[in-house]
Amino acid sequence: MTESEADLLALVCADNPGAFLGAEDAQAEGEPDGADLAKVNRALAELGCVVVAEELLESNYDGPSRLPSHVQRPTWWARFFGFF
């Protein structure tokens with residue numbers, strides 16, 4: 001990848017986003033299998049993706065936002081995968 005290309009963000013969830021409180025909770029429940037997760041992370045890295053932890057995406061986003069007025073708390077999830 002060249003410097004002019006933007007990194008791609010990827011999120012790996014054991015189930016639907018939000019089904020677990022984060023990767024550690026999911027792995028404590030046996031989801032996903034460690035070997036499978038390593039394969040997925042390796043493949044994403046080879047594609048030039050940056051894997052972002054689900055729990056980080058739920059933290060507050062305080063940058064520029066065009067979220068609808070009914071959204072009370074902008075998050076990084078909304079910034080990268082939501083309404084923008």
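Refer to the structure printed above.
Residues numbered from 1 in each chain as written. Predicted model: local features only at pLDDT ≥ 70, side-chain atom pairs only at ≥ 80, totals over all residues. Heavy atoms only, no water.

(A) How the structure looks around the overall build of the protein. Of regular secondary structure, the protein possesses 4 helices and 2 strands. Along the protein, from the amino end to the carboxyl end, the secondary structure elements read β-α-α-β-α-α. Counting only residues that meet the buried cut, the protein has 17% of its 84 residues in that class. If you take every contact in the protein between residues at least 6 apart in sequence, the share linking residues at least 24 apart comes to 46%. A total of about 6200 Å² of accessible surface is found on the protein, and carbon and sulfur atoms cover 52% of it. (Helix = DSSP H or I, 4+ residues; strand = E, 2+ residues; numbered from the N terminus. Buried < 20%, exposed > 50% of the residue type's maximum accessible area, 1.4 Å probe, protein only. Contact = heavy atoms within 4.5 Å. Areas by Shrake-Rupley, 256 points an atom, 1.4 Å probe, with all protein chains shown as cover.)

(B) Structural context of a nonpolar patch on the surface. On the surface, Leu9, Val50, Trp76, Phe80 and Phe81 cluster together to form a nonpolar patch covering roughly 380 Å² of accessible area. The biggest single contributor to the nonpolar patch is helix α4 (residues 76-81), with 3 residues. The residue Val50 is located in strand β2 (residues 49-51) in this model. (Patch = residues over 30% accessible without salt bridge, like charges linked within 9 Å, V, L, I, M, F, W, Y side chains within 5 Å. Salt bridge = Lys/Arg side-chain N within 4 Å of Asp/Glu carboxyl O.)

(C) Molecular detail of helix α2 (residues 34-46). Taking 1.5 Å of rise per residue, 13 residues should cover 18 Å, and α2 covers 18 Å from first to last C-alpha, within 8% of that figure. For α2, the side-chain oxygen to backbone nitrogen distance between the N-cap and Ala35 is 3.1 Å, and the N-cap itself is Asp33. (Expected span 1.5 Å × (residues − 1). Polar contact = N/O pair within 3.5 Å; in protein donor to acceptor, adjacent residues only side chain to side chain.)

(D) Focus on the packing of aromatic side chains. Under the definition given, this model contains 1 aromatic pair. A ring pair is formed by Tyr61 and Trp76, whose centres lie 4.6 Å apart and whose planes are at 80°; its orientation type is edge-to-face. With Tyr61 in the loop between α3 (54-57) and α4 and Trp76 in helix α4, this residue pair connects regions lying 15 residues apart in the sequence. A relative accessible area of 31% means that Trp76 is categorised as partly exposed. (Phe/Tyr/Trp six-rings, centres within 6.5 Å; stacked < 30°, edge-to-face > 60°.)

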